[in-house]
Amino acid sequence: MSKNRWLETKNDQESKFLSTQFWKALKDDLDAGDFWSDRIKKYRDEPKKRLNEALDHLPLPAAFREAAISIRALIRERRKSNESYEEELTFLYWLAALHSFMIPFAKDLNEPGYNVMESIPGKKLKSLPFDYKSLGYKKLELLNKTDCKWIKEQWREPKNHSTLNEMHRELWNEYERKLIAKRKQGIYF
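Procedures and definitions
Residues numbered from 1 in each chain as written. Predicted model: local features only at pLDDT ≥ 70, side-chain atom pairs only at ≥ 80, totals over all residues. Heavy atoms only, no water. Phe/Tyr/Trp six-rings, centres within 6.5 Å; stacked < 30°, edge-to-face > 60°. Helix = DSSP H or I, 4+ residues; strand = E, 2+ residues; numbered from the N terminus. Buried < 20%, exposed > 50% of the residue type's maximum accessible area, 1.4 Å probe, protein only. 1 Å grid on protein atoms, 1.4 Å probe; cavity = no way out; pocket = protein on both sides within 12 Å on 5 of 7 lines; lining within 4 Å. Points joined across faces, edges and corners; volume = space filled by probe spheres on them. Nonpolar A, V, L, I, M, F, W, Y, C, P; charged D, E, K, R; others polar.

Q: I keep staring at the packing of aromatic side chains and nothing clicks. Help me out?
A: Centre distance and the angle of the planes are the two values used to describe a pair of aromatic rings. For the coordinates displayed, the defined rule picks out 10 aromatic pairs. Summarising the aromatic geometry, the rings of F35 and W36 are spaced 6.4 Å apart at their centres and angled 55 degrees between planes, so their arrangement reads as tilted. Ring centres of Y93 and W155 lie 5.7 Å apart, and the angle between their planes is 75 degrees; this geometry places the pair in the edge-to-face category. Taken together, the residues span a long stretch of sequence, with Y93 in helix 5 (residues 86–99) and W155 in helix 9 (residues 145–155) at a distance of 62 residues. Taking the relative accessible area as the measure of exposure, Y93 reaches 5% and is therefore buried. On the accessibility criterion, W155 (22% relative accessible area) is partly exposed. One aromatic cluster is present, formed by Y93, F130, Y132 and W155 through successive ring pairs.

In structure tokens form, the structure reads like this:
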């Protein structure tokens, strides 16, 4: 997979180009018998490598899950050594926040929500403002019970619980409308 990541795309053109390259690379990997989800399993005991592989495949929903698994392993390593793990926990929380922007199904587009998520430049999504007090943790589906326990220990109980999609739905709607317009023109890539 290319070193270019969806998270680093700056505009619609870059997102479209990277999406085309991403799917071509996945097809080439499949043709070669080397799928990313099989590769990532080889890094079970190497969470940093596993994390990098997962980040290369965002915004695939499975890549978000694999990244979270990797970060949890890094947190456990730190906890076991009695070291601070706030940086890793912050990264896990941030990743869960980004994941909460994606909805399972885009009703107006009548396609998986992933298609909308992939079309949004990563840097645009990363620039959306949020904080723990307003976003909370209860609606962040990427987080498990242990994550939430660690988060509450570090940052206490927040005032609200939401998703990034609920907080910034106008951006989702904008990109869903763009995809609807493309589909009407017969454009699928």
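Q: Sorry if this is basic, but what is going on with empty space enclosed by the protein here?
A: The gaps of empty space that remain are located by a probe, the size of a water molecule, rolled over the atoms. The final tally for this structure, using the stated rule, is 1 cavity of 30 Å³ or more. The computed volume of the largest cavity comes to approximately 90 Å³. Lining the largest cavity we find N4, R5, W6, S15, L18, S19, F22, D56, L58, P59, Y114 and E118. Counting residues per element, the ones that place at least two in the lining of the largest cavity are helix 1 (12–31) and helix 6 (113–119). In terms of residue count, helix 1 provides more of the lining of the largest cavity than any other element does, 4 residues in total. Its residues assigned to classes, the lining of the largest cavity comprises 6 nonpolar, 3 polar and 3 charged.

Q: When you look at the layout of surface pockets in this model, what are you seeing that I'm missing?
A: The space that makes up the largest pocket amounts to roughly 410 Å³. Lining the largest pocket are 19 residues, and of these S19, S119, L179, K182 and F189 lie nearest its centre. Only helix 1, helix 6 and helix 11 (169–184) provide two or more residues apiece to the lining of the largest pocket. Considering each element in turn, the lining of the largest pocket owes the most residues, 6 residues, to helix 1. What the second largest pocket holds in volume is close to 290 Å³. Along the walls of the second largest pocket sit 16 residues, with H99, M102, I103, P104 and E141 positioned nearest its centre. At the level of elements, helix 4 (61–80), helix 6 and helix 10 (164–167) are the ones that each hand at least two residues to the lining of the second largest pocket. Residue composition of the lining of the second largest pocket, grouped by class: 6 nonpolar, 5 polar and 5 charged.

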